[in-house]
Amino acid sequence: MTCAEEQHTSDEQLTTTEHRAATEHRAAAAGQYRGSAAWPTATPRTPVRQGRISVALYAEDAILYAGAVQQLRQQPELELVADEDADEAQVSLVVVDCVNEPTVRLLRRLQRNTATRTGLVVGSFEADTLQTMIECGVAAVLRRAEVDRGRLLHLVTAMANGEGVLPGDLLGKLLDHVSSLQRTVLDPRGLTLSTLTTREADMLRLVSEGFDTTEIAQKTSYSERTVKNVLHEVATRLHLRNRAHAVGYAMRHGLI
């Protein structure tokens, strides 16, 4: 009997579940990720019921996939979608042991789909994982060791509501990263993480305090022409009507 015949006979002897697992194992070995319903009999194509959050599930092997499916299907608020509907899911959930090259390729592909928000359930983090997740547009992260029904539901619900979720230690690292970026890159160039430069914010603050163009020029050591140009640039860039509108916008958004 040839190797192909032996494989065929072996597969025929597997139960339905074992056959699915064997198929997924071969797919994972080839660097492919389990889609939300690569087992058609497990997740048939059905319309998402009103009021439920549609979820597309991706995992790198059958065990991770089966575990995630078990957790998600216990949540009446969630609805797993079939592969052919995955691009329309509100939330894409990626379950992996670690963030490696195949994971990054998948995250970047999902990032191009503006209809979905991506969450990551991961076993372990490398030193540069946080930076990679930010670049790939990941909206929420949960460690696999911390997964339970409540936390998984919170993760998916938060993403569907446009929110983000990070473990406390990762949030601390993110804030440190942003602070370092501000100090080492933006401050030397007079820039900020807001939509205004430091100079723009200073001039708008003076406008809000009642100073006119001449007075602002004197206080900032710029020419009156420069003051007018800076304020005009802010109004044009942010589609604002005049200085008063610009000041109101900046105050509402906490920019000054």
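Above this text you will find the structure in question.
Remember, predicted model here, so these are calculated numbers, not experimental data. (Residues numbered from 1 in each chain as written. Predicted model: local features only at pLDDT ≥ 70, side-chain atom pairs only at ≥ 80, totals over all residues. Heavy atoms only, no water.)

Draft legend 1. Representation of the pattern of salt bridges within the structure. Overall, the coordinates contain 6 salt bridges when judged by the stated rule. With a closest N to O distance of 2.9 Å, Arg 52 and Glu 79 form a salt bridge. Highlighted residues: Arg 52 in the loop between helix H2 (16-29) and strand E1 (53-59) and Glu 79 in strand E2 (residues 78-80), separated in sequence by 27 residues. The class of Glu 79 is buried, set by a relative accessible area of 8%. Ionic pairing is found between Glu 233 and Arg 237, a salt bridge with its closest N-O pair at 3.3 Å. Of this pair, Glu 233 and Arg 237 both sit in helix H10 (residues 224-237), 4 residues apart, which is roughly one turn of that helix. A residue is classified by how much of its surface remains accessible, and Arg 237, at 32% relative accessible area, is partly exposed. What you see here is one network of salt bridges that share partners, running through Glu 200, Glu 233 and Arg 237. (Salt bridge = Lys/Arg side-chain N within 4 Å of Asp/Glu carboxyl O. Helix = DSSP H or I, 4+ residues; strand = E, 2+ residues; numbered from the N terminus. Buried < 20%, exposed > 50% of the residue type's maximum accessible area, 1.4 Å probe, protein only.)

Draft legend 2. Broad picture of the sheet that holds E1. Across the sheet, which stays open at both edges, the 5 strands sit in the order E2-E1-E3-E4-E5 with parallel pairing between neighbours. Looking along the sheet, the strands with just one partner apiece sit at the ends: E2 and strand E5 (138-143). Here the strands of the sheet are splayed against their neighbours by 30° on average, with no regard to which way each runs. In terms of strand pairing, strand E3 (residues 91-96) meets strand E4 (residues 117-122) through 6 bridges, oriented parallel. Among the inter-strand pairings, Val 94 is bridged to a residue of E4, identified as Leu 120. Its contacts with the sheet put helix H4 (residues 101-111) on E1, E3, E4 and E5, and the angle it makes with E3 is roughly 175°. Of the strands in this sheet, E1, E2, E3, E4 and E5 are in contact with helix H6 (residues 149-160), which crosses E5 at around 175°. (Pairing = 2+ DSSP bridges. Axes fitted to C-alpha atoms, helices over the stretch in contact; angles between N-to-C directions. Contact = heavy atoms within 4.5 Å.)

Draft legend 3. Spotlight on the packing of helix H8 (residues 198-208) against H10. Look at H8 against H10: their axes get within 10 Å of each other, and the N-to-C directions meet at 100°. Judged by the angle between their axes, H8 and H10 are roughly perpendicular. In this structure, H8 contributes Arg 199, Glu 200, Met 203, Leu 204 and Val 207 to the contact, and H10 contributes Thr 226, Val 227, Val 230, Leu 231, Glu 233, Val 234 and Arg 237. Residue classes in the contact of H8 with H10 are distributed as 7 nonpolar, 1 polar and 4 charged. (Parallel < 35°, antiparallel > 145°, perpendicular 65-115°, else oblique. Nonpolar A, V, L, I, M, F, W, Y, C, P; charged D, E, K, R; others polar.)

Draft legend 4. Looking closely at the nonpolar core. Among the nonpolar cores identified, the biggest contains 25 residues, and Val 55, Leu 57, Leu 72, Leu 93, Val 95 and Leu 155 are the most heavily contacted of them. Secondary-structure elements contributing two or more residues to this core are E1, helix H3 (62-73), E2, E3, E5 and H6. The greatest single-element share of this core, amounting to 6 residues, is contributed by H6. Among residues more than four places away in sequence, those in contact with Val 95 are Leu 57, Tyr 58, Ala 59, Glu 60, Leu 64, Ala 68, Val 121 and Arg 144. (Core = buried A, V, L, I, M, F, W, Y, C linked by side-chain atoms within 4.5 Å.)

Draft legend 5. Structural view of H10. With 14 residues, H10 ought to run about 20 Å at 1.5 Å a step, and its terminal C-alpha atoms sit 20 Å apart, in line with that. Those residues of H10 that sit buried are Val 227, Val 230, Leu 231, Val 234 and Ala 235. The arc enclosing the buried residues of H10, seen along the axis, measures out at 130°, which places them on a common side. For H10, the exposed residues set more than 90 degrees away from the buried face come down to Arg 225 and His 232. (Expected span 1.5 Å × (residues − 1). Arc of directions from axis to C-beta.)

Draft legend 6. View of the environment of Asn 100. Tracing the chain through its elements places Asn 100 in the loop between E3 and H4. Since its relative accessible area comes to 27%, Asn 100 is described here as partly exposed. Counting along the chain gives 29 residues from Asn 100 to Thr 129, while the straight-line C-alpha distance between them is 9.1 Å.

These figures come from the coordinates and say nothing about function on their own.
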